[in-house]
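Observations on the model geometry
Below are the chains, spelled out letter by letter.
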Amino acid sequence: MPRIVAEYQDRQRIVFTARDRSMVNVRTLREDGPVGFNSTELLLIALANCSLGTLLNHPLLLDREVMRCEAMFNAEMQQNPSKVASVIGVIDLVVTDPALLAHTAELEAAACTCPMCNTISEATPIRTEIRMRLGAIDLVPSPA
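Residues numbered from 1 in each chain as written. Predicted model: local features only at pLDDT ≥ 70, side-chain atom pairs only at ≥ 80, totals over all residues. Heavy atoms only, no water.

1. Overview of the sheet that holds strand β7 (residues 83-95)
This is how it is decided: Whether two strands pair depends on DSSP finding at least two bridges between them. A helix here means a DSSP run of H or I that spans at least four residues, while a strand means a run of E at least two residues long, and both kinds are numbered starting from the N terminus. Working convention: axes come from line fits to C-alpha atoms, limited for helices to the stretch in contact. Angles between N-to-C directions cover 0 to 180 degrees. Here, two residues are considered to be in contact whenever any of their heavy atoms come within 4.5 Å of each other.
Spatially, the 3 strands line up as an open sheet ordered β6-β7-β8, and their pairing is mixed. Here the strands that pair on one side only, and so sit at the sheet edges, are β6 (66-78) and β8 (126-134). Going from strand to strand, the sheet's axes swing by 15° on average, the running direction of each strand aside. In this sheet, β8 lies alongside β7 in parallel orientation, the contact comprising 9 bridges. Opposite Val90, over in β8, you have Glu129 as the bridge partner. Along the sheet face, helix α1 (residues 39-56) touches β6, β7 and β8 and points at about 145° away from the line of β6. Seen against the sheet, helix α2 (residues 104-111) touches β7 and β8 and runs at an angle of roughly 140° to β8.

2. Side note on the pattern of salt bridges
Rules: Salt bridge, as used here: a side-chain nitrogen of Lys or Arg that lies within 4 Å of a carboxyl oxygen of Asp or Glu. Each residue gets one of three labels from its accessible area relative to the maximum for its type: buried under 20%, exposed over 50%, partly exposed in between, using a 1.4 Å probe on protein chains only.
For the structure on display, the rule yields 6 salt bridges. Residue Arg13 pairs with Asp10 through a salt bridge whose shortest N-O separation is 3.0 Å. Taking the relative accessible area as the measure of exposure, Asp10 reaches 58% and is therefore exposed. For Arg133, the salt bridge identified is with Asp92, shortest N-O distance 2.3 Å. Residue Arg133 is located in strand β8, and its partner Asp92 is located in strand β7; the two are separated by 41 residues in the primary sequence. For Arg133, a relative accessible area of 40% puts it in the partly exposed group. Each of Arg68, Glu70, Asp92 and Arg133 takes part in a single network of salt bridges with overlapping partners.

Below, the structure is given as structure tokens:
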């Protein structure tokens, strides 16, 4: 069962510990917000981490070359009560196998089957889009 401990220290940082590993999130404020991640950003980090892991472990991609896989998740906020109203994710996926382009919709659906997406999507609409394109492998080194 996943478990974390969050320790608020000196009103300046939170130390998160899970499986004997720790991460410090600095909560000191600056003009643009906290130095570290705010709670919504931490939620989006967890969602992106889980979605990319699930996507890259999908049978269609598992043994294929993926040149780039980058996710950008945005949260639309709502007030009264303050909450995440919806999440939009865009995954930039660059592959070398042209046959994968025909499976974009299948991979798009699979990206939101991770535990975080399954949990959050029960209460908050999540839309994930994959922008897949072909990339070339440079087999010949560039002249120096």
